[in-house]
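Summary of structural features
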Amino acid sequence: MGSFTPSPPALQTPFTSPALSLTHRVVLAPMTRMRASNTTGLINPTAATYYAERTTQPGALLISEGTTIHPRGKGFPRTPGLWTDAHAQAWEPITDAVHARGGTFFAQLWHVGRVAVPSLSDGQPPLSSTTAHLPGYHVSFGAGPEEAEREAYVPSHAMTVSEIKEVVAQFAAAARRAIEIAGFDGVEIHAANGYLLDCFVHDNINTRGDEYGGPAVENRLRFPLEVVDAVVRAVGARRTAVRLAPFHVLQGTGDSDRVATFGAFAAALEAKGLAYVHLVEPRYDLGSKEGAFSGCIAREKVDGEGMGDRTIWPFRRILKTTPVIGAGGYDAVSAAQAIEEGRIDLAAFGRYFTSNPDLPERLFKGLPLTKYHRPTFYTSGEEGYLGWPQWSEK
């Protein structure tokens, strides 16, 4: 077992905003676990236990695993959906279990865009800003024998304006189901990590010549911001959040001026009165070997993307009134320091939450942490998913 240093008081300080009323600053990060039905997209019933076990204190904030808004937006096996009322109804017992323990629960809305492959998206080519596709192979993680998990990426379908409008409506419909049927307290729009919305933002991917692309940053932001506005109209600004990863280097993202592009994105979001903006720290995206799905995807060094001069501070200074969640390799001390500096308001933790359901208490008290088990991150069944003991049970 490993351990973090006991946290300074910042992590244990309550946080209140127009959208959130929390008793501490530790957030369950969105983590893909691949336990849903691969045929129907219905969330697994055992997720009620999984999320409830991680709601160890009233007033905690949890963000769900990515939930796909449409079959064509599915990028990995056994990931849950929210494109029908039946999907939302399957989520209702899970949100009830979190609420019974006093938690606040946001659903992450996900469309993977060009990261999809035909075998996972109804045989159709993936959607993107242009026809450019990722090099190499898609890895499905846990779908079967290793050799069966690799599938070559294929050229994308460059979305038409009418198709863009359709996906905007799909995000809004999924958000409405999440709130009105599933019972979530809010939704987090996944606009990061090279997925659909993010590949419209980066100028090295989005070379369109219409109002949704090209060199003008306002054009490249148009589609993501239309999604945000549609979700706000559907469920309200205080129930809407956005995840960004300005320094992400996997999956082909390489904007020529990340700070300016995402600064403009942050400024547009600041004006909307959202529940929060979720930012990934650059030291994590540029240098970590623990990134999302990095067990099988090589992280390449990008020229000019040094970590020393990279920070989320430019975006925090723009997001003056919008709460900011930070993510990316925090321990108790570094998370508390980021909060004390004002760089973030809340700190999201992922991998160690898989193996320590009572992670907030362990961080607060400096208790030893149980090491996570990467081989069971994306497998099916309960092994590595349920059954991790709390400290009081040891």
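Above this text you will find the structure in question.
Residues numbered from 1 in each chain as written. Predicted model: local features only at pLDDT ≥ 70, side-chain atom pairs only at ≥ 80, totals over all residues. Heavy atoms only, no water.

**Overview of the pairing of strand S11 (residues 186–190)**
Moving residue by residue along a regular strand, the side chains alternate between the two faces of the sheet. The condition is simple: To sort residues, take the accessible area from a 1.4 Å probe on protein chains only and compare it with the maximum for the residue type: under 20% means buried, over 50% means exposed, and anything in between is partly exposed. A helix here means a DSSP run of H or I that spans at least four residues, while a strand means a run of E at least two residues long, and both kinds are numbered starting from the N terminus. Strand pairing requires that DSSP identify at least two bridges connecting the strands.
Counted residue by residue, S11 has 5 buried out of 5 residues, so it is predominantly covered. Residues Gly186, Glu188 and His190 of S11 are buried on one face, and the alternating residues Val187 and Ile189, pointing to the opposite face, are buried as well. In terms of strand pairing, strand S6 (residues 104–110) meets S11 through 4 bridges, oriented parallel. Residue pairing across strands places Leu109 opposite Ile189, the latter belonging to S11. Of the pairings in the sheet, the one linking S11 to strand S12 (residues 240–244) comprises 4 bridges and is parallel in character.

**Regarding the sheet that holds S11**
Stated precisely, the cut-off is as follows: Every axis corresponds to a line fitted to the C-alpha atoms, with the helix fit spanning only the stretch in contact, and the corresponding angles, defined between N-to-C directions, vary from 0 to 180 degrees. Contacts are assigned to residue pairs with any non-hydrogen atoms lying within 4.5 Å of each other.
Pairing is parallel in the closed barrel, where 8 strands are placed in the order S4-S5-S6-S11-S12-S13-S14-S15. Between one strand axis and the next, the sheet turns by 30° as a mean value, whatever way the strands run. Of the strand pairs in this sheet, strand S13 (residues 276–280) and strand S14 (residues 324–327) are connected by 4 bridges, and their pairing is parallel. Directly across from Val280, in S14, lies its bridge partner Ala327. Packed onto the sheet, helix H2 (residues 85–100) meets strand S5 (61–68) and S6 and runs at close to 145° relative to S6. The sheet contacts of helix H6 (residues 222–235) involve S11 and S12, and relative to S11 the element is tilted by about 170°.

**Here we look at the packing of H6 against helix H7 (residues 258–270)**
Here is the rule we go by: With respect to orientation, any angle under 35 degrees is reported as roughly parallel, any angle over 145 as roughly antiparallel, any angle of 65 to 115 as roughly perpendicular, and every other angle as oblique. By the definition used in this description, the sense in which the near helix is turned from the far one sets the handedness, with an anticlockwise turn below a right angle giving left-handed and a clockwise turn giving right-handed. In this classification, Asp, Glu, Lys and Arg are treated as charged, Ala, Val, Leu, Ile, Met, Phe, Trp, Tyr, Cys and Pro as nonpolar, and every other residue, Gly included, as polar.
The contact between H6 and H7 brings their axes to 11 Å, and the two run at 20°. With respect to each other, H6 and H7 are oriented roughly parallel. In the packing of H6 onto H7, the handedness of the crossing is right-handed. Contacts from Pro224, Leu225 and Val228 in H6 reach Phe265, Ala268 and Leu269 in H7. The class makeup of the residues in the contact of H6 with H7 is 6 nonpolar, no polar and no charged.

**Re the packing of helix H3 (residues 161–182) against H6**
H6 packs onto H3 with a crossing angle of 35° between their chain directions and a minimal axis gap of 8 Å. Both H3 and H6 take part in a crossing whose hand is right-handed. Of the residues in H6, those in contact with Ile164, Lys165, Val167, Val168, Phe171, Ala172, Ala175, Arg176 and Ile179 of H3 are Phe223, Glu226, Val227, Ala230, Val231, Ala234 and Val235. Tallied by class, residues from the contact of H3 with H6 come to 13 nonpolar, no polar and 3 charged.

**Digging into the pattern of salt bridges**
What counts here: A pairing counts as a salt bridge when a side-chain nitrogen of Lys or Arg comes within 4 Å of a carboxyl oxygen of Asp or Glu.
As enumerated under the stated definition, the model contains 11 salt bridges in all. Among the ionic contacts, a cluster of salt bridges with common partners joins Glu281, Glu341 and Arg343.

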